[in-house]
Amino acid sequence: MQSDSSFYRQMLQLCIHSKSKMQALLVHSQIITNGYFSNVHLATKLIICYAKFDDMMAAKKVFDKMTERTVVSWTAMISGFSQNGFFKNALLVFLEMRKAGFKGNQFSYGSTLKACTGLRCLERGLQIQGCVEKGRFVRNLFVQSGLLDLHAKCGNMEDASRLFYGMGERDLVSWNVMIGGFAFRGFAEDAFQLLREMMQEGKMPDCFTLGSVLRVSFGDGGLMKVSQVHGLIARLGFESYNMLAGSLVDAYSKCGSLPCALKLYRNMPTKDIISCTALITSFAREGKHNRNALDLFKEINSMQLGMDNMILCAVLNICANVAELSLGRQIHAFSLKCQPTNDVAMGNALIDVYAKSGEIDDANKVFNEMDERNVISWTSLIAGYGKHGYGHEAIALYEKMEREGMKPNDVTFLSLLFACSHTGLINEGLELFNAMVSKYKILPRVEHFSCMVDLFARGGQLEAAYNLINEMNIEPISSFWGAILGASNIYGNIHIGEAAATHLFNMDPEKSVNYIALAGMYAGAGAWENAWETRKLMDERSVVKDPGYSLLSSTQKNMLLVQPY
C-alpha cells in the first residue's frame with residue numbers, strides 16, 4: 001500500500017468523520033515516522049483534525065513546528081480557536097497572520113469575526129470589517145453573515161440592518177441572524193415583520209427562526225402573533241420538535257394564555273425542564289393558579305427531571321404567596337443538598353417564603369448565611385419584619401443596610417413605611433419619608449403616600465392624614481380615604497369620617513366595606529338614625545357584602561421531594 005501524503009490526508013478525514021481521536025494519533029505517528037511531517041498540506045490537515053477533537057494544544061504544537069505555512073494553515077488555526085471558544089487566541093493568530101504578510105481568505109475573516117462576536121468586541125470587529133471592505137471578499141456571503149452576526153449580537157441593529165438590506169444575496173443564516181438579533185434586543189415588531197418579509201421572498205423559516213420569534217415578548221396583541229407562529233409551525237410540520245413546543249409553552253405563558261400553554265405542555269412527547277420552568281414561572285407571575293403550579297411541580301418531580309435554581313425559586317415564590325411552609329422547607333433542604341451555599345436569587349426566595357409564613361428567625365438565619373446580598377435581600381427581610389409587627393427591628397436592619405453601603409430603593413422605603421404604620425412609629429416613619437425624598441432623591445409613588453396616610457390615620461392624627469391627601473401632588477386613590485374612614489371609626493371622628501365616606505362612595509360606589517364602616521362609625525357614636533340610613537342606601541344601590549373566607553393548608557397531604565441527582 002502506497003504511503004503518500006494524499007493517503008494520510010484521506011485517513012485523517014476518515015478519523016474526523018468517525019470521531020476517532022485515537023486513530024488520528026496513530027496516523028500522526030505514522031506521518032512522523034515516514035518523514036511526511038514537513039508536508040504543509042498534511043500538517044494543515046492535522047491542525048484541522050485536532051481542532052475537530054477540541055484539542056487546540058495539540059493543534060498549536062503542530063502549527064508551531066511547521067517550517068512552511070499557507071493561508072489555509074493560518075485559517076485552520078484561527079477557525080479552530082474560534083470554534084472551540086478561544087476567541088482571544090483566534091484574534092492573536094489573525095494578527096500574526098497579517099504581520100507575516102498573509103491577507104487571509106473568506107474563512108479567515110469569517111472565523112475572526114466570529115471571535116470578535118464571541119468577545120462582544122465591536123471595536124475590533126469594525127477593524128476587521130475595514131480589512132474586508134478593502135479586499136475582494138466584501139460580497140462573500142459567509143463573510144457578510146459574520147458581519148451581520150457581529151453587529152446584531154453587539155446590539156448595533158441599525159448597522160446590521162443596513163448591511164442586511166445591502167446584501168445582493170441572503171441565505172437562511174442571514175435571515176436567522178437578523179431575526180435573532182431583533183428578538184434578543186426585544187424588538188418584537190421588527191422580528192415579526194422580518195419573518196413576514198422572509199416568507200414573502202420565498203424563504204421558508206426553520207426551527208431556529210421560529211424559536212427566535214417566539215422568545216420575544218410581543219406585548220399588546222401578542223396572543224394573536226403567537227397563534228400565527230403556532231399555525232406556521234403546524235403547517236411546516238415542526239410540531240413534533242420538542243424545542244419549539246417548549247418555546248410555544250413559554251410564549252403562550254407570557255401572553256397570559258395559560259390554558260393554551262398547559263394544553264401544549266400536556267401534549268409534549270418529551271417534557272423538559274425549560275417548558276416546565278416557563279409554565280410554573282407564569283403560574284407564579286399570574287398569582288391565580290398557585291395550586292396548579294404546585295401540582296405541576298409535584299408531577300415533574302416524580303418524573304425526576306433535574307431541578308435548577310430557576311424553577312425552585314419560582315416554586316418558593318408560590319409557597320410564599322399561599323403560605324405553604326412545609327414545601328418551602330423541603331425545597332430549602334433539597335437546595336442545600338445540591339448546592340450548600342445559596343446564591344442570591346435562592347436566598348432571596350427563601351427569605352421571602354419564611355418571612356411571609358411568619359418564621360422570622362428562619363428568614364433572618366438565611367439572610368445571615370448568604371455570602372452575597374443585594375438590595376432585594378435586605379428589603380425582603382425588612383418587609384418580613386414589618387408585616388409581623390417588628391417595626392423597630394425593620395428600622396435597625398435599614399440602618400445596618402446603610403452602614404454596609406447598600407443603597408435602599410423605593411421598595412425598601414415602602415416596606416419601612418408599612419412597618420412604621422403597623423407599629424405606630426409615626427415620627428420614625430416621617431423621618432424615613434423625608435430621607436427617601438431628600439437624601440436618596442426617590443420620587444414618592446402613590447403607594448408611599450398611601451402608607452403615610454395610613455401611618456397618620458392609625459396613630460390618630462386624622463387631621464394630618466386629611467391634610468396630606470389634600471396637599472400631595474398626585475390624584476388620591478380609594479385606599480387613602482379608606483384608611484381615614486377606618487381610623488375615624490376607631491377614634492370616633494365623625495366629621496372627617498363622613499368626608500372620607502363621600503369620596504369613597506363617588507370613587508367606588510359598589511364596595512360594601514365602605515358603607516359598613518360608615519354605618520359602624522355612626523352606631524359607635526349612637527347616631528342610630530344615620531346608621532340605618534347608610535344601611536338603607538346600601539340596599540337601594542344593591543350593594544352586597546362580600547362573604548369572608550379562609551385559606552387552609554392541609555396537614556394530611558405531604559408533597560415529598562426526591563433525592564438530589
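Everything in this summary refers to the structure shown in the same document. Here the structure is a predicted model, which means the values were calculated and not measured.

So, on to the overall build of the protein. Within the protein, the regular secondary structure consists of 32 helices and zero strands. A globule of 565 residues ought to have a C-alpha radius of gyration of about 24 Å, yet the protein, at 33 Å, is considerably larger. Overall, the C-alpha framework of the protein stretches about 115 × 50 × 50 Å when taken along its three principal axes. With 565 residues in all, the protein has 46% of them scored as buried.

Quick look at the pattern of salt bridges now. If you walk through the whole model with that rule in mind, you get 15 salt bridges. Its salt-bridge partner being Lys60, residue Asp64 comes within 2.9 Å of it at the nearest N-O pair. Taken together, the positions of Asp64 and Lys60, both in helix α4 (residues 56-65) and four residues apart, correspond to about one turn of that helix. Accessibility expressed as a relative area gives 43% for Asp64, which makes it partly exposed. Judged by its relative accessible area of 33%, Lys60 falls in the partly exposed class.

The phi angle at Lys19 is positive, at roughly 55°, despite the residue not being glycine. The phi dihedral of Lys441 falls on the positive side, at around 55°, and the residue is not glycine. With respect to the element layout, Lys441 can be found in the loop between α26 (426-439) and α27 (446-458).

Topologically, Thr209 is positioned in helix α13 (residues 207-215). Contacts of Thr209, omitting those with residues within four sequence positions, involve Leu172, Asn176, Ile179, Leu195 and Met198.

Where helix α15 (residues 242-254) meets helix α16 (residues 258-267), the axes come as close as 7 Å, and the angle between the chain directions of the two elements is 165°. Accordingly, the angle class assigned to the pair α15 and α16 is roughly antiparallel. For α15 against α16, the interelement crossing comes out left-handed. On α16, the residues that touch Leu248, Val249, Tyr252 and Ser253 of α15 are Leu258, Cys260, Ala261, Leu264 and Tyr265.

Further remarks concern the side chain of Gln129. Along the chain, Gln129 turns up in helix α8 (residues 122-134). Looking at Gln129, the relative accessible area reads 10%, which means it is buried. Beyond its immediate stretch of four places on either side in the chain, Gln129 contacts Leu147, His151 and Leu163.

Quick notes on the rules
- Residues numbered from 1 in each chain as written.
- Predicted model: local features only at pLDDT ≥ 70, side-chain atom pairs only at ≥ 80, totals over all residues.
- Heavy atoms only, no water.
- Helix = DSSP H or I, 4+ residues; strand = E, 2+ residues; numbered from the N terminus.
- Rg over C-alpha atoms; globule rule 2.2 N^0.38 Å.
- Buried < 20%, exposed > 50% of the residue type's maximum accessible area, 1.4 Å probe, protein only.
- Salt bridge = Lys/Arg side-chain N within 4 Å of Asp/Glu carboxyl O.
- Contact = heavy atoms within 4.5 Å.
- Axes fitted to C-alpha atoms, helices over the stretch in contact; angles between N-to-C directions.
- Parallel < 35°, antiparallel > 145°, perpendicular 65-115°, else oblique.
- Left-handed = near helix turned anticlockwise from the far one by under 90°.

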